[in-house]
Amino acid sequence: MSAKNPEHGSAHEVSLPPEVKLLQEVTPPFFPEGGSGMTILVEWPPGHPGLPPHRHSGPSFGYVMEGALRFELEGEPERVVEAGGTFWEPGGDVIHYQDGNALSGAPTKFVVTMLCAPGQPMLRLVDEEELKERSQLRAPRPSEG
């Protein structure tokens, strides 16, 4: 079996046995020596809003195991990633607005592998002042049309 990521053309062709399914392939930004990585399991109860707006020091890669995740990065429209779907973010200056449970009647479970820049925390919350200063970078909200 051969899997190709249509977003990246045929440059990253990978031969996989039939038991292995390629879920996501991305090219993250350069990651410096001295960084670290971690994988976390997140289990949000029904309707949980997720973390407040934040940013990660390095790229993150995730897989939704159960439920549906409301996901929004700065400059991109909000979307829902359902069980079996993947997501990623570049980290750095990009604000991660949403990572909450999109379901009001069921839990959502996802796993995320995050790369942390040397000497930086894995996650930093974004304050209200900065959110206002960068509001023009946020994609229109679904309720705004």
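Residues numbered from 1 in each chain as written. Predicted model: local features only at pLDDT ≥ 70, side-chain atom pairs only at ≥ 80, totals over all residues. Heavy atoms only, no water.

- Per an unreviewed UniProt entry, the protein chain goes by the name Cupin domain-containing protein and belongs to Streptomyces javensis.

Digging into a negative patch on the surface
Link 1 in the chain: A surface patch of negative charge is lined by Asp 127, Glu 128, Glu 129 and Glu 133.
Link 2 in the chain: As for its placement among the helices and strands, Glu 128 is situated in helix α1 (residues 128-133).
Link 3 in the chain: Note on Glu 128: relative accessible area 56%, which makes it exposed. (Patch = residues over 30% accessible without salt bridge, like charges linked within 9 Å, V, L, I, M, F, W, Y side chains within 5 Å. Areas by Shrake-Rupley, 256 points an atom, 1.4 Å probe, with all protein chains shown as cover. Salt bridge = Lys/Arg side-chain N within 4 Å of Asp/Glu carboxyl O. Lys, Arg positive; Asp, Glu negative; His and termini not counted. Charge placed at Lys NZ, Arg CZ, Asp CG, Glu CD. Helix = DSSP H or I, 4+ residues; strand = E, 2+ residues; numbered from the N terminus. Buried < 20%, exposed > 50% of the residue type's maximum accessible area, 1.4 Å probe, protein only.)

Points about the pattern of salt bridges
Link 1 in the chain: Per the counting criterion, the structure on display carries nine salt bridges.
Link 2 in the chain: Note that Glu 43 is salt-bridged to Lys 109, the shortest N-O span being 4.0 Å. Here the residue Glu 43 occupies a position in strand β3 (residues 36-44), and Lys 109 occupies one in strand β10 (residues 108-116), the gap between them amounting to 66 residues.
Link 3 in the chain: The salt bridge involving Asp 93 is made with Arg 55; its shortest N-O contact spans 3.6 Å. Separated by 38 residues along the polypeptide, Asp 93 in the loop between β8 (86-89) and β9 (96-101) and Arg 55 in strand β4 (residues 54-56) bring together distant segments of the chain.
Link 4 in the chain: Residue Asp 93 is classed as partly exposed on the basis of its relative accessible area, which comes to 48%.
Link 5 in the chain: Of the residues examined, Arg 55 reaches a relative accessible area of 15% and is grouped as buried.
Link 6 in the chain: Taken together, the shared-partner salt bridges in this structure form one network comprising Arg 55, Glu 74, Asp 93, Glu 130 and Arg 134.

A word on the packing of aromatic side chains
Link 1 in the chain: Following the criterion strictly, the structure yields three aromatic pairs and no others.
Link 2 in the chain: Where Phe 71 meets Phe 87, the ring centres are 4.9 Å apart and the plane angle is 40°; that geometry is what we call tilted. Of the two residues, Phe 71 is situated in strand β6 (residues 68-73) and Phe 87 in strand β8; the sequence distance between them amounts to 16 residues. Residues Phe 71 and Phe 87 agree in their burial class; the two are buried.
Link 3 in the chain: Its relative accessible area of 4% is what places Phe 87 among the buried residues.
Link 4 in the chain: Of the aromatic side chains, those joined through ring pairs into one cluster are Phe 71, Phe 87 and Phe 110.
Link 5 in the chain: Sitting over the face of the ring of Tyr 97, Arg 138 holds its NZ or CZ atom 4.0 Å from the ring centroid. (Phe/Tyr/Trp six-rings, centres within 6.5 Å; stacked < 30°, edge-to-face > 60°. Lys NZ or Arg CZ within 6 Å of the ring centre and 35° of its normal.)

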